[in-house]
Amino acid sequence: MEALVDRQQGAATIPAVLILLGPPGAGKGTQARMLEERFGLIQLSTGDLLRAAVAAGSEAGLAAKAVMEAGGLVSDEIVLAILKDRMAAPDVKAGVILDGFPRTAGQAAALDALLAEAGQRVTAAISLEVDDLAMIARVAGRYTCADCGEGYHDAFKLPETSGTCDKCGGTAFKRRADDTADTARARLEAYHAQTAPLIAHYRALGVLETVDAMGSIDAVASDLGSIVSRVSA
Ligand SMILES: [Zn+2]
């Protein structure tokens, strides 16, 4: 943890560049926020980066704006230019957690090249590992009280009195149409297909770390914190 604690010393410390990988439902957003608080890291999502750069009117931001207004996809080159600007901002002292970039092995290689220009490299790519079948079961049984929104689950959390909400006594419940085993399975398959090349890329670089994401939020946060402390020291 020394490197991160020493961030108050300023420019001498090379900030950590962390990449967090995890499927929908693995708690990636929650964990990223906890890492931000604990280590003073800054989470950078591609969407936020683009919006901020456009609003700021930077050169790369204006380029992105022109592409988006024409209905196109912002190129990797522009995203990297925006990322480079953002990482040089004074509030990035301890380091960043990248969310949503890179998405492909090509983007990962471009990011490596960008970091290498500054004598840096990806500190760690941390994969939140889930048990697919357990994830599907979690999603598939979810439902909520139609009145107060209290969450329930067919297998894990039934109301104490069948058909009656514990919290408000309501008797109407609702399920989201996409909370089915099929959609959950499809989301996971898409995630694995998209992420496999990234996992291979970072494993080959020797910076891949894995965390069992099926535990409690605090247990996962503790494991993640240990990794961040170790790789940043
Ligand atoms: Zn209720």
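For clarity, every value in this text was computed on a predicted model and none was experimentally measured.

### Notes on the overall build of the chain
What the chain contains, in helices and strands, is nine helices and eight strands. C-alpha atoms of the chain, sized along the principal axes, occupy 60 × 45 × 30 Å. A total of 233 residues make up the chain; the buried ones form 29% of that total. A fraction of 70% describes how many contacts in the chain between residues 6 or more apart in sequence connect residues 24 or more apart.

### Some points on the nonpolar core
Ranked by size, the top nonpolar core spans 49 residues in total, and within it Leu18, Ile82 and Ile126 carry the most contacts. Here the element with the most residues in this core is strand E1 (residues 16–21); it accounts for six residues. For Ile82, the contacting residues outside a window of four places in its chain are Leu49, Leu50, Ala53, Ala60, Gly61 and Ala64.

### Brief notes about the UniProt feature "binding site: ATP" (unreviewed entry) in the chain
The sites that UniProt annotates as "binding site: ATP" (unreviewed entry) are Gly25, Ala26, Gly27, Lys28, Gly29, Thr30, Arg142 and Gly215. Residue position: Ala26 is located in the loop between E1 and helix H2 (28–39). Residue classification places Ala26 among the buried positions, given that 22 C-beta atoms sit within 10 Å. Dropping the residues within four chain positions of it, Ala26 is found in contact with Leu128, Val130 and Ala213. Tracing the sequence through the fold places Lys28 in helix H2. Among residues more than four places away in sequence, those in contact with Lys28 are Leu20, Gly22 and Leu128.

### Notes on H2
Over its 12 residues, H2 extends 16 Å from the first C-alpha to the last, a length consistent with the 16 Å expected when each residue adds 1.5 Å. Along H2, the residues that are buried comprise Lys28, Gln31, Ala32, Leu35 and Phe39. Seen from one end, H2 has its buried residues packed into an arc of 100 degrees, which puts them on one side. In H2, the exposed positions angled more than 90 degrees off the buried face are occupied by Thr30 and Glu37. Within two residues after H2, Gly40 carries a phi angle of roughly 70 degrees, on the positive side.

What counts and how
- Within each chain, residue numbers correspond to sequence positions counted from 1 in written order.
- Residues qualify for local features only when their pLDDT is at least 70, as the model is predicted, and side-chain atom pairs are given and counted only at 80 or more; totals for whole chains, interfaces and linings, by contrast, use all residues.
- Put simply, DSSP marks the helices as runs of H or I at least four residues long and the strands as runs of E at least two long, and each gets a number from the N terminus on.
- Any residue whose C-beta has 12 or fewer other C-beta atoms within 10 Å is treated as exposed, any with 20 or more as buried, and any in between as partly exposed, C-beta atoms being built from the backbone.
- C-beta atoms are placed from the backbone for every residue, and two residues are taken to be in contact when these atoms lie within 7 Å.
- Definition of nonpolar core: a set of buried Ala, Val, Leu, Ile, Met, Phe, Trp, Tyr and Cys residues joined via C-beta atoms within 7 Å.
- UniProt positions are given in the numbering used here, feature names are shortened, and annotations may be inferred rather than shown by experiment.
- One less than the residue count of a helix, multiplied by 1.5 Å, gives the span that helix is expected to have.
- Each C-beta atom gives one direction from the helix axis, and the arc is the one those directions make.

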